[in-house]
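# Observations on chain architecture
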Amino acid sequence: MARQKTIYSCQQCGLQSPKWMGRCPDCQQWNTLVEEQPVAVSDHSRALPQPGKPEKLTEVSSREEDRLSCGMAELNRTLGGGVVPGSLILVGGDPGIGKSTLLLQAFAKLAESGTALYVPAEESTRQVKLRADRLGINTNHLYLLAETSLEQIKQRIKELNPAFLVIDSIQTIFSSGLDSAPGSVSQVRECTGQLMVQAKGDGLPTFLVGHVTKDGAIAGPRVLEHMVDTVLYFEGDPGHPYRILRAVKNRFGSTNEIGVFQMQEQGLREVSNPSELFLAERPEKSAGSAVVASLEGSRPLLVELQALVSSSSFGTPQRTAIGIDHKRIALLIAILEKKIELSLAGQDIFLNVAGGVRLDEPAIDLAAIAALASSHLNRVINPQLVLFGEIGLTGEVRAISQPELRVKEAARLGFTQCILPNGNLKNIEVPDTIKPVGIKHASEALDIIFE
Ligand code: TYD
Ligand code: MG
């Protein structure tokens, strides 16, 4: 009898190897290789129901896909305008961030236009019912199926013929054709593959919830991201109520879109005016607070940066940044010392982005420097002033993308003055209510602010 061969597959990147290794040679992760039985996948479980035939490019219909509205404007916006029939959408995020809540709320709305099936593979139907009660959901066409076997789920789908499907989560379901445990690479890949065939074949829009590993990748792993049409990340700081839904990949729309939500007692509330929310608790007459016009995807977002500079009682002063890259702050402090001649040696420095958002673009440099200088000099920045611009190593201020969008958003919220890179002044049209001031060097900004 032929000996049964086993393979070892990496649970991070999906690499397969005939022998075990302590470290995956592909993704360099330790202890990720797990023994699995080789998969004998039957051909017809993968093939699309209708065989394809060559078509002329010019004759292929280019009609915009009919999108179905989820009834939640922020989710529709992130998806690029709504759910495309037959699309496979992966929703990832840390545990407890609100993925199940988001999808339950969206499905309650979707169920108004057709039968929706929610498969809570992690929880019992009772648990989901309790949550639904809390969210005030009471829709007749929303079905729950607590099942983890893929074959059973597919069978029930045939009987029920739903118009929308959620699998919460892909890591807990398994196909009986494979020996490996649920959540392993081969199970996740096989189940996603079969769900994809079903989604494309029946035009059934399918949402998959995916867990996220410590370092932020969707567990089970990159292969999953390649297979689906759209990848959405739901992120936020658990200590803050704000949540951002970000499209990381979208075959049917732009990845520049974000949706903003607020987690409340009665579930997620959509935030159509995030800037107003982020600035709501701003102390207007305090030193160390500056407002930056940042851009999240294609959406301008006004956020408050707060700095605290105080003399250190220890030999090595602390430098702490929340919501901004540490290295960026170290660099800005060095620029302040060397190019603007503001001595911060021996000072503890704390910098925080209010509201728990994370800002990663260099356009926040100018506002960060202004907040630091304001706290150090103990002088208040005009509360009607907004800043943005990237700062180079010699202290020069560099142009950044989409200045017009940012200035307009600031004007809309009643700001009257805007300090921006001189290079951005060309060809922008701004409302009369706001005065743009272009600068070339970071020290000019401080001269204007603290004149
Ligand atoms: P959940 O959707 O279960 O997260 P995930 O599926 O991503 O793991 O959300 C759980 C958190 O959301 C939990 O900490 C409680 C909080 N929550 C509210 O604050 N209000 C609500 O109405 C609901 C349903 C949850
Ligand atoms: Mg959940």
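Residues numbered from 1 in each chain as written. Chains lettered and ligands numbered in written order. Predicted model: local features only at pLDDT ≥ 70, side-chain atom pairs only at ≥ 80, totals over all residues. Heavy atoms only, no water.

## A few points about the overall build of the chain
Put simply, the rule is: Secondary structure elements follow DSSP: runs of H or I of four or more residues count as helices, runs of E of two or more count as strands, with numbering from the N terminus. Buried means the residue's accessible area, taken with a 1.4 Å probe over protein chains only, is under 20% of the maximum for its type, while exposed means over 50%, and partly exposed covers the values in between. Any two residues having at least one pair of non-hydrogen atoms within 4.5 Å are treated as being in contact. Under the convention used here, a 1.4 Å probe and the Shrake-Rupley method define accessible areas, while residue burial counts only the protein chains that appear. Charge convention: Lys and Arg are scored as positive, Asp and Glu as negative, and His as well as the terminal groups of each chain are ignored. Taken as the charge centre is NZ of Lys, CZ of Arg, CG of Asp or CD of Glu, depending on the residue.
When its secondary structure is counted, the chain shows eleven helices and 21 strands. Its C-alpha atoms give the chain principal-axis dimensions of roughly 85 × 50 × 50 Å. Counting the 451 residues in the chain, one finds 49% classified as buried. Considering only contacts within the chain whose residues lie at least 6 apart along the sequence, 66% involve residues at least 24 apart. Working note: accessible area of the chain is about 21,800 Å², and carbon and sulfur atoms make up 49% of it. With 45 positive and 51 negative side-chain charges, the chain shows a spacing of 3 Å between the two charge centroids.

## Observations concerning the environment of proline 25
Mapped onto the secondary structure, proline 25 falls in the loop between β2 (16-17) and β3 (33-36). Counting along the chain gives 344 residues from proline 25 to isoleucine 369, while the straight-line C-alpha distance between them is 43 Å.

## Details of the pairing of strand β20 (residues 417-421)
The line we're drawing: Pairing between strands is defined by DSSP: at least two bridges between them are needed.
Burial within β20 is extensive, with five of its five residues counted as buried. Bridge count between strand β17 (residues 385-387) and β20: three bridges; the pairing is parallel. Bridge assignment links valine 386 to a residue of β20, and that residue is cysteine 418. Two elements, β20 and strand β21 (residues 435-439), share five bridges in a ladder whose sense is parallel. Opposite isoleucine 419, over in β21, you have valine 437 as the bridge partner.

## Some points on the site of ligand 1
The condition is simple: Only a single heavy atom is needed: when it lies within 4 Å of a molecule or strand, its residue is near that molecule or strand. Any pair of nitrogen or oxygen atoms within 3.5 Å is treated as a polar contact; in protein, a donor-acceptor pairing is required on top of that, and neighbouring residues in sequence qualify only through side-chain atoms on both sides. For this classification, the nonpolar set comprises Ala, Val, Leu, Ile, Met, Phe, Trp, Tyr, Cys and Pro, the charged set comprises Asp, Glu, Lys and Arg, and every other residue, Gly included, is treated as polar.
If you check the shell around ligand 1, you find 16 residues, and the closest are Gly96, Ser100, Thr101, Glu265 and Gly267. At 3.4 Å from an oxygen atom of ligand 1 is found a main-chain nitrogen or oxygen belonging to isoleucine 97. Separating an oxygen atom of ligand 1 from a side-chain N or O atom of serine 100 is a distance of 2.6 Å. Only α2 (99-110), α3 (125-135) and β11 (258-264) provide two or more residues apiece to the shell around ligand 1. Of the residues contributing to the shell around ligand 1, the split by class is four nonpolar, seven polar and five charged.

## A word on α2
As a reminder, the rule being used: Here a helix's expected span is defined as the number of its residues, less one, multiplied by 1.5 Å.
Its twelve residues place the ends of α2 16 Å apart at the C-alpha level, agreeing with the 16 Å of an ideal helix rising 1.5 Å per residue. All of the buried residues along α2 are Lys99, Ser100, Thr101, Leu102, Leu103, Leu104, Gln105, Ala106, Phe107, Ala108 and Leu110.

## Section: the environment of valine 128
Relative to the elements of secondary structure, valine 128 occurs in helix α3. Judged by relative accessible area, which is 1%, valine 128 ranks as buried. Valine 128 has contacts with Leu104, Tyr118, Pro120, Glu123 and Leu144, leaving out every residue within four places of it along the chain.

## A short note on the side chain of serine 175
Mapped onto the fold, serine 175 is located in the loop between β7 (164-168) and α5 (185-202). Polar contacts involving the side chain of serine 175 include one to the side chain of glutamate 151, which spans 3.0 Å. The contact partners of serine 175, leaving out residues within four places of it in the chain, are Leu150, Glu151, Gln187, Glu190, Cys191 and Gln194.

## Re the sheet that holds β17
The cut-off we apply is this: With axes taken as lines fitted to C-alpha atoms, and helix axes fitted only over the stretch in contact, angles between N-to-C directions fall between 0 and 180 degrees.
Spatially, β15-β16-β14-β13-β17-β20-β21 is the arrangement adopted by the seven strands of the open sheet, whose pairing is mixed. In the strand order of this sheet, the two ends are held by β15 (319-322) and β21, each with one partner. Direction aside, neighbouring strands of the sheet carry axes that sit 25 degrees apart on average. Those strands touched by helix α10 (residues 403-412) are β13 (289-296), β14 (299-311), β17 and β20, and its axis lies near 80 degrees from that of β14.

## A few points about helix α8 (residues 326-338)
Let me state the cut-off plainly: The directions from the helix axis to the C-beta atoms form the arc being described.
For α8, spanning 13 residues, the distance from its first C-alpha to its last is 19 Å, which sits close to the expected 18 Å at 1.5 Å a residue. When α8 is considered as a whole, its buried residues turn out to be Ile329, Leu332, Ile333, Ile335 and Leu336. End-on view of α8: buried residues confined to an arc of 160 degrees, all on one side of the axis. Turned more than 90 degrees away from the buried face of α8, the exposed residues are Lys327 and Lys338.

## Notes on the nonpolar core
What counts is decided by this rule: Here the nonpolar core consists of buried residues drawn from Ala, Val, Leu, Ile, Met, Phe, Trp, Tyr and Cys, with membership extended through side-chain atoms lying within 4.5 Å. Domain delimitation follows an automatic or database domain assignment.
Counting residues in hydrophobic clusters, the biggest one holds 66 residues, and the most contacted among them are Leu387 and Ile449. Of all the elements, helix α9 (residues 365-377) adds the most residues to this core, at eight residues. Taken domain by domain, the makeup of this core includes at least three residues from each of domain 2 (68-271) and domain 3 (277-449). Contact partners of isoleucine 449, with chain neighbours within four places excluded, come to Ala370, Ile381, Leu385, Leu387 and Ile419. Core analysis: the second largest hydrophobic core is formed by 33 residues, Val83, Ala116, Val209 and Leu268 among them.

## Some thoughts on the packing of aromatic side chains
To describe a pair of aromatic rings, you give the distance between the ring centres and the angle between the ring planes. Note the threshold: Centres within 6.5 Å make a pair out of two Phe, Tyr or Trp rings, where for Trp the six-membered ring is used; the pair is then stacked when the planes are under 30 degrees apart, edge-to-face when over 60, and tilted otherwise.
One pass over the structure, following the stated rule, counts four aromatic pairs. Centroid distance phenylalanine 107 to phenylalanine 164: 6.3 Å. Interplanar angle 80 degrees. Geometry classified as edge-to-face. Taken as a pair, phenylalanine 107 in helix α2 and phenylalanine 164 in strand β7 lie far apart in primary sequence, 57 residues in all. For phenylalanine 107, a relative accessible area of 0% gives the class buried. Exposure remark for phenylalanine 164: the relative accessible area of 3% places this residue in the buried category.

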